[in-house]
Amino acid sequence: ELNTAMRQLLGELNDRPFQKLEGSRRSWFDLLDRPALRSLPSIAFEYADFKRGRLPSFFMTTGRLVPWGSDRSRKFRPLNAP
């Protein structure tokens, strides 16, 4: 009941003419925004949360040693880890 009343008022608002411009909200939407709309992507959005961490320079990642800088110039290397 409330949603029906809001939908009706919103339709009236969108069709109301602007005071200083030609047309209404709906006419400007149809002119500018509707042609630019695209369909939704076929793959759903997947949220991922990343944290920035630090690992020792001798830490094994994916089974191999990952050096950082010159031999022992730094103790730790930055890591972007999920």
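Residues numbered from 1 in each chain as written. Predicted model: local features only at pLDDT ≥ 70, side-chain atom pairs only at ≥ 80, totals over all residues. Heavy atoms only, no water.

Draft legend 1. Representation of the overall build of the protein. A tally of helices and strands in the protein yields 2 helices and 4 strands. Listing the helices and strands of the protein from first to last along the sequence gives α-α-β-β-β-β. Scored against the burial criterion, the 82 residues of the protein give a buried share of 9%. For the protein, long-range pairs separated by at least 24 residues make up 25% of all intrachain contacts whose partners lie at least 6 apart in sequence. (Helix = DSSP H or I, 4+ residues; strand = E, 2+ residues; numbered from the N terminus. Buried < 20%, exposed > 50% of the residue type's maximum accessible area, 1.4 Å probe, protein only. Contact = heavy atoms within 4.5 Å.)

Draft legend 2. Fine view of the pattern of salt bridges. Following the criterion strictly, the structure yields 2 salt bridges and no others. Arg34 is the salt-bridge partner of Asp30, the closest N and O atoms lying 3.0 Å from each other. (Salt bridge = Lys/Arg side-chain N within 4 Å of Asp/Glu carboxyl O.)

Draft legend 3. Representation of a nonpolar patch on the surface. On the surface, Phe18, Leu21, Trp28, Leu31 and Leu32 cluster together to form a nonpolar patch covering roughly 490 Å² of accessible area. Assessed through its relative accessible area of 51%, Leu21 is described here as exposed. (Patch = residues over 30% accessible without salt bridge, like charges linked within 9 Å, V, L, I, M, F, W, Y side chains within 5 Å. Areas by Shrake-Rupley, 256 points an atom, 1.4 Å probe, with all protein chains shown as cover.)

Draft legend 4. Summary view of the environment of Arg16. Within the secondary structure layout, Arg16 lies in the loop between helix 1 (2–15) and helix 2 (25–33). Each C-alpha atom of the pair Arg16 and Arg26 lies 8.6 Å from the other, and the pair is 10 residues apart in sequence. With near-sequence residues (within four places) excluded, Arg16 lies in contact with Ser24 and Arg25.

Draft legend 5. Fine view of the confidence of the model for the protein. Taken over all residues, the pLDDT of the protein has a mean of 78, while the share at 70 or more is 66%. Across the protein, the secondary-structure element scoring lowest on mean pLDDT is strand 3 (residues 64–65), at 49, and the one scoring highest is helix 2, at 95. (pLDDT = per-residue confidence, 0-100.)

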